[in-house]
Amino acid sequence: MTTDMNHFGLLFAQDGAGGAEPGSFTAGTSADGGAGAGATGGGRPPGGGSSVFVMIFAFVVMLLIFSMFGQRREKKRREAMLSSIRKHDEVQTLGGVIGSVVEVKPDRIVLKVDESSNTRITFSRTSVQHVLNSRDKKSESETSNKN
C-alpha cells in the first residue's frame, strides 16, 4: 500500500511542484500552501499535449486506409468468383441453399437442389456466397488421378 502511494506521490512531484520530496504526497500544492504550478504543469499541458492527439489521429487515418483497401480487395475477389461461375459448379447461396448450377444467365443462375425430384430454383447471381466445387477443380483432380 505504501509503495503505491509513493509512486502516486512521485507522479505529482514530477509535475513541477516546488519543494516536494520523493515519496511525499503533494497533490498540486506548492511549498507556501497555495495552489502552485503542480496542478497545471507550469504552463505546459499535462501528458505531452498535442502529441497524443497527433498519434490518435494518425492511428485513425491508418485504420481507415487499411479498411478501404481490404474492402476493395474483397469486392474484387467476390466479383471474380461470381464471374467464374459455370455450369455444373456446386455453390452455396447466402440463404444456405446448396445446389449444382444448371443454367447461367447474366444476372441469374438456376440451381438444381434435388436430384430425385429434379427441383430447380432460380437465384440472383449476387446471392451466391461461395463456390464449393468448381468444374475446373473437378477436371484438374480427375487428370491428376489418372496419372
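Note that the structure is a prediction, hence the values are computed from the model and not measured. In this numbering scheme, every chain counts its residues from 1 along its sequence in written order. In keeping with the predicted nature of the model, local features appear solely for residues at pLDDT of at least 70, side-chain atom pairs appear and are counted solely at 80 or more, and the whole-chain, interface and lining totals rest on all residues. Just so you know, side-chain values use all the structure's heavy atoms and leave hydrogens and water out.

1. Section: the overall build of the chain
Inference 1: Only DSSP runs of H or I with at least four residues qualify as helices, and only runs of E with at least two residues qualify as strands; both kinds are numbered from the N terminus onward. The helix and strand inventory of the chain stands at three helices and five strands.
Inference 2: Going from the N terminus to the C terminus, the chain shows its helices and strands as α-α-β-β-β-β-β-α.
Inference 3: Partly exposed residues are those whose accessible area sits between 20% and 50% of the maximum for their type, while under 20% is buried and over 50% is exposed, using a 1.4 Å probe and protein chains only. By the burial criterion, 18% of the 147 residues in the chain qualify as buried.
Inference 4: In this analysis, two residues are considered to be in contact whenever any of their non-hydrogen atoms come within 4.5 Å of each other. By sequence separation, contacts in the chain at least 24 residues apart represent 32% of the contacts at least 6 residues apart.
Inference 5: Reported accessibility uses the Shrake-Rupley method at a 1.4 Å probe radius. Residues are deemed covered only where the shown protein chains occlude them. Accessible surface for the chain amounts to roughly 10800 Å². Of this, 59% is attributable to carbon and sulfur atoms.

2. Focus on the pattern of salt bridges
Inference 1: Salt bridges are identified by distance alone: a Lys or Arg side-chain nitrogen within 4 Å of an Asp or Glu carboxyl oxygen. Evaluation of the coordinates by the stated rule reveals three salt bridges.
Inference 2: Between Lys 112 and Glu 115 there is a salt bridge; the shortest N-O distance is 3.7 Å.
Inference 3: Judged by its relative accessible area of 61%, Glu 115 falls in the exposed class.

3. A closer look at a nonpolar patch on the surface
Inference 1: Only residues whose relative accessible area exceeds 30% and that form no salt bridge enter a patch; like-charged residues are grouped when within 9 Å of one another, and nonpolar side chains (Val, Leu, Ile, Met, Phe, Trp, Tyr) when within 5 Å. Where nonpolar side chains cluster on the molecular surface, the patch consists of Phe 57, Val 61, Met 62, Ile 65, Phe 66, Met 68 and Phe 69 and spans about 720 Å² of accessible area.
Inference 2: Judged by relative accessible area, which is 59%, Phe 57 ranks as exposed.

4. Some details on the sheet that holds strand 3 (residues 108-114)
Inference 1: Spatially, the five strands line up as an open sheet ordered 4-3-2-1-5, and their pairing is antiparallel. Looking along the sheet, the strands with just one partner apiece sit at the ends: strand 4 (119-124) and strand 5 (128-133). Across this sheet, the average inter-strand angle for adjacent strands is 45°, counted without regard to direction.
Inference 2: Pairing between strands is defined by DSSP: at least two bridges between them are needed. Pairing of strand 1 (residues 90-93) with strand 5 involves four bridges; the strand directions are antiparallel. To obtain each axis, a line is fitted to C-alpha atoms, and for helices this fit is confined to the stretch in contact; angles are then taken between N-to-C directions over 0 to 180 degrees.

5. Some thoughts on the side chain of Arg 125
Inference 1: Relative to the elements of secondary structure, Arg 125 occurs in the loop between strand 4 and strand 5.
Inference 2: Buried and unpaired, Arg 125 has no salt bridge, with Asp 107 as the nearest side chain of opposite charge at 7.4 Å.
Inference 3: Within polar-contact distance, the side chain of Arg 125 engages the backbone oxygen of Leu 82 at 3.0 Å.
Inference 4: If we skip the residues at most four places from it in the chain, Arg 125 touches Leu 82, Ser 83, Ile 85, Val 104, Lys 105, Pro 106, Asp 107, Arg 108 and Ile 109. In summary, the charge assignment counts Lys and Arg as positive and Asp and Glu as negative, without counting His or the chain termini. For this analysis, a polar contact is any N or O atom pair within 3.5 Å, provided that within protein one partner can donate a hydrogen and the other can accept it, and provided that sequence-adjacent residues contribute only side-chain to side-chain pairs.

6. Here we look at the environment of Ile 109
Inference 1: Take Ile 109: it is sitting in strand 3.
Inference 2: Residue classification places Ile 109 among the buried residues on the basis of a relative accessible area of 0%.
Inference 3: Residues Ile 109 and Ser 127 lie 18 residues apart in sequence; the distance between their C-alpha atoms is 9.4 Å.
Inference 4: Excluding residues within four positions of it along the chain, Ile 109 makes contact with Val 91, Glu 103, Val 104, Ile 121, Thr 122, Phe 123, Arg 125 and Val 128.

These figures capture arrangement, not role.
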